[in-house]
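# Analysis of the macromolecular model
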Amino acid sequence: MSKETRPLVIEKDGQTLIYDLLRRKYLVWTPEEAVRQQMVNYLIAELHYPKGLMSIEAGLHYNKRQKRTDLVVYDNNGKPHILVECKAPEVKLSREAIFQVSTYNKELDANILVITNGKEMICLQVEREKNNLKTLDDIPPYK
């Protein structure tokens, strides 16, 4: 991870806080939040996605239940482009995580699905006509 993608972390009143670039405030540090902020910073600093196209914890309904996405990146037309599911670093990326993000995507219909624990990343291109997911080496940069 380059210096540009490392989230800002501070200690205040005995708590570890991490800066959320999108909400522009410090949040209580958790392993999953650290991974999410690392991904936000990576998308902005390395892949040049504008902050204005990103949303954290967007709500969605699935099976009559309220769910929250970790991170959604929209295209310039406001359609979900990338759906990111963040796991804590000790969580192994698995079929269950792919199933979770795919299930959320039934509602959102994003083009790219990403699952990360901050150490590993699975990046999948949705191939709608084939009803398939194709593995990508990395998230495509912003165009």
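Worth saying up front: this structure is predicted, and the values here are computed from it rather than measured. (Residues numbered from 1 in each chain as written. Predicted model: local features only at pLDDT ≥ 70, side-chain atom pairs only at ≥ 80, totals over all residues. Heavy atoms only, no water.)

## Points about the environment of proline 80
As for its placement among the helices and strands, proline 80 is situated in strand 8 (residues 80–86). Using a relative accessible area of 11% as the deciding quantity, one classes proline 80 as buried. Each C-alpha atom of the pair proline 80 and leucine 108 lies 6.4 Å from the other, and the pair is 28 residues apart in sequence. The contact partners of proline 80, leaving out residues within four places of it in the chain, are Val72, Val73, Tyr74, Leu108, Asp109, Ala110 and Asn111. (Helix = DSSP H or I, 4+ residues; strand = E, 2+ residues; numbered from the N terminus. Buried < 20%, exposed > 50% of the residue type's maximum accessible area, 1.4 Å probe, protein only. Contact = heavy atoms within 4.5 Å.)

## A look at the packing of aromatic side chains
Counted by the stated rule, this structure contains two aromatic pairs. Between tyrosine 49 and tyrosine 142, the aromatic rings sit 5.5 Å apart at their centres with planes inclined by 65°, giving edge-to-face as the arrangement. A residue pair is termed long-range when its members are at least 10 positions apart, and tyrosine 49 in the loop between helix 1 (31–45) and strand 4 (54–56) and tyrosine 142 in the segment after strand 11 (132–136) qualify at 93 residues. A relative accessible area of 28% means that tyrosine 142 is categorised as partly exposed. (Phe/Tyr/Trp six-rings, centres within 6.5 Å; stacked < 30°, edge-to-face > 60°.)

## Things to note about the pairing of strand 1 (residues 9–12)
When strand 1 meets strand 2 (residues 15–20), the two strands line up antiparallel, connected through four bridges. Bridge pairing links isoleucine 10 to leucine 17 in strand 2. Hairpin geometry of strand 1 and strand 2 is characterised by an intervening segment of two residues between the two adjacent antiparallel strands and by a positive phi of about 50° at aspartate 13. (Pairing = 2+ DSSP bridges.)

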